[in-house]
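Results of the structural survey
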2 protein chains.
Amino acid sequence: MPVSRNSLPLTVGVLGGMGPDATVDFMSKVIAATPAGSDQEHVHMLVDHNPHVPDRTRAILGEGGEPGPVLAAMAKQLEQAGADIIVMPCNTAHAFQADIEAALAVPFVSIIDETVEACRGNSAVGLLATRGCLVSGIYQTALRAAGIETIVPDEDEVAELASLIATIKTGDFSPGVGTSMKQLAEGLTSRGAQAVIAGCTEIPLVLDQSMLDAPLISSTDILAEATVAYALGKQDLNTRP
Amino acid sequence: MPVSRNSLPLTVGVLGGMGPDATVDFMSKVIAATPAGSDQEHVHMLVDHNPHVPDRTRAILGEGGEPGPVLAAMAKQLEQAGADIIVMPCNTAHAFQADIEAALAVPFVSIIDETVEACRGNSAVGLLATRGCLVSGIYQTALRAAGIETIVPDEDEVAELASLIATIKTGDFSPGVGTSMKQLAEGLTSRGAQAVIAGCTEIPLVLDQSMLDAPLISSTDILAEATVAYALGKQDLNTRP
């Protein structure tokens, strides 16, 4: 049953399923970030866990169907069902953020903008992301606007990263996958990155801060914490990055 | 974007948030039970993760607001959004199943009926569940109809179980909580239960088969597997228990 619009706590609409385990990880982190002693104190989430959204990277590379209209329709339906804000725990899909926002009257909280905000204080950060996300330039543009240089993986590293993300999407979170991911992160720090963005929500499923010397900026964790802060009214939506 | 009604795979509506971690555990198990090599092969779930549904046990004991109309409205909204079947990973809330089904044109897959089906072959099973679930008699009635005796916790055990479930709902899954849950399960097997039903979706968050000699029948796992089987058309909805 929808809570009345704009009363706190806000109802959160989640564009999910991209990928499935990443959405569940995001929901877990929202739950863990909520100070609650009973079910009733937790945040109400309306989740469209839709793994059938056309592949984002393929669309960005001009090889597949368009996710934009699908995401816009999903977002509109969540708004109609009572969502007060919309979030999307998939970085690459933010290349289609304009399509989503054009369909919405309620605010969209961007994982890119929140993550870039968390990067302030650094002059250069490394970016682990899908090929589509890297090609779209969404992180690089937002980081540049914040005065931060982006250190990106080279072509071989991009190919390896894509292969690791595909492996994670099959449900394989084994230590070897994490070790390979850690090596990719260290490649970026060896080239001057002061911190590394886990800019794909599959990455934190195998890589955590304990595995790296440099700060790991998990886009999933940042979006989860921002979502709870906005939903509980601890952070003003009008001042979001 | 809703897939067309009744085409496979089916879109699954999930009445969730009762409790939050249990819903996420259920979603994880649906994902793990789906044979898939890419996002697009996974099951589309529309999840109303609503922790604000009035407390089920309190309602059954006559101490709190009515969850029935809230659950019915949530289910109806999921159906309107495109759900082909509805599931609810909360055993106690099935005391209000009639309210939900009255609001729906699409099938409701009962965690109670699926779990009881998995108990066949036993003459007596133990039941770990909330006070509300035990008082409602939903499991005992369905087990009796299947010719199976229910071994229930005594008053002290029910109180301890309620306390453990409340602890789990705060996000505490520590080994001590699991050990106490294991002892309650063993109390039931010592009184003749051949198997033990984890008849509350919080229980599998701390208790798994490796901790018990007797078979543990996890209602969460059974509902997740049934959901995938129905969604992929591997099991006929018309033959559901």
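The coordinates are above.
Everything in this summary refers to the structure shown in the same document. Please read all numbers here as calculations on a predicted model, not as lab measurements.

Time to look at the nonpolar core. Within the largest apolar cluster, 82 residues are counted, with the highest numbers of intra-cluster contacts made by A:Met45 and B:Met45. The residues contacting A:Met45, other than those within four sequence positions of it, are A:Val12, A:Val14, A:Met27, A:Val30, A:Ile31, B:Val47, B:Asp48 and B:His49. Among the nonpolar cores identified, the runner-up in size contains 22 residues, and A:Ile168, A:Ala193, A:Cys200 and A:Ile203 belong to it.

So, on to the sheet that holds strand β3 (residues 85-87) of chain B. Strands sit in the order β3(A)-β1(A)-β2(A)-β2(B)-β1(B)-β3(B) across an open sheet of 6 strands; the sheet is mixed. Here the strands that pair on one side only, and so sit at the sheet edges, are β3 (85-87) of chain A together with β3 of chain B. Strand-to-strand twist across the sheet, computed as the mean angle between neighbouring axes with direction ignored, equals 20°. Bridge analysis of strand β2 (residues 45-49) of chain A against strand β2 (residues 45-49) of chain B gives 5 bridges, and the strand direction is antiparallel. What sits directly across from A:Met45, in β2(B), is B:His49. Relative to strand β1 (residues 12-16) of chain A, helix α3 (residues 67-80) of chain A is tilted by about 155°, and along the sheet it contacts β1, β2 and β3 of chain A together with β2 of chain B.

With that settled, consider the interface of chain A and chain B. Size of an interface, as often reported, equals the accessible area lost when the parts are brought together. Every contact between the two is made by 40 residues of chain A and, on the other side, 40 residues of chain B. Together chain A and chain B conceal approximately 3,200 Å² of surface at their shared face, both sides included; 54% is due to carbon and sulfur atoms. In this structure, the connection of chain A to chain B is made through 4 salt bridges. One salt bridge in this structure joins B:Lys169 and A:Asp39, with 2.8 Å as the shortest N-O distance.

The next subject is the packing of helix α1 (residues 20-33) of chain A against helix α10 (residues 219-231) of chain A. Relative placement of two packed helices is described by the angle separating their axes and the distance separating the axes. Residues and elements named next belong to chain A. Where α1 meets α10, the axes come as close as 8 Å, and the angle between the chain directions of the two elements is 45°. Regarding the angle of α1 to α10, the classification is oblique. Handedness of the crossing formed by α1 with α10: right-handed. Note on element contacts: α10 touches α1 through Thr220, Asp221, Leu223, Ala224, Thr227 and Val228, opposite Asp25, Phe26, Lys29, Val30 and Ala33. Among the residues forming the contact of α1 with α10, the class breakdown is 6 nonpolar, 2 polar and 3 charged.

Residue and element names in this part refer to chain A. End to end, helix α9 (residues 175-190) covers 22 Å across 16 residues, agreeing with the expected 22 Å (1.5 Å per residue, within 8%). All of the buried residues in α9 are Val177, Gly178, Ser180, Met181, Leu184, Ala185, Gly187 and Leu188. Against the buried residues of α9 lie β4 (124-128), β5 (149-151), α8 (155-169) and β6 (195-198). The positive-phi residue at the C-terminal boundary of α9 is Gly192, with phi of around 110°.

Rules used throughout
- Residues numbered from 1 in each chain as written.
- Chains lettered and ligands numbered in written order.
- Predicted model: local features only at pLDDT ≥ 70, side-chain atom pairs only at ≥ 80, totals over all residues.
- Heavy atoms only, no water.
- Core = buried A, V, L, I, M, F, W, Y, C linked by side-chain atoms within 4.5 Å.
- Buried < 20%, exposed > 50% of the residue type's maximum accessible area, 1.4 Å probe, protein only.
- Contact = heavy atoms within 4.5 Å.
- Pairing = 2+ DSSP bridges.
- Helix = DSSP H or I, 4+ residues; strand = E, 2+ residues; numbered from the N terminus.
- Axes fitted to C-alpha atoms, helices over the stretch in contact; angles between N-to-C directions.
- Buried area = accessible area lost by both parts, 1.4 Å probe.
- Salt bridge = Lys/Arg side-chain N within 4 Å of Asp/Glu carboxyl O.
- Parallel < 35°, antiparallel > 145°, perpendicular 65-115°, else oblique.
- Left-handed = near helix turned anticlockwise from the far one by under 90°.
- Nonpolar A, V, L, I, M, F, W, Y, C, P; charged D, E, K, R; others polar.
- Expected span 1.5 Å × (residues − 1).

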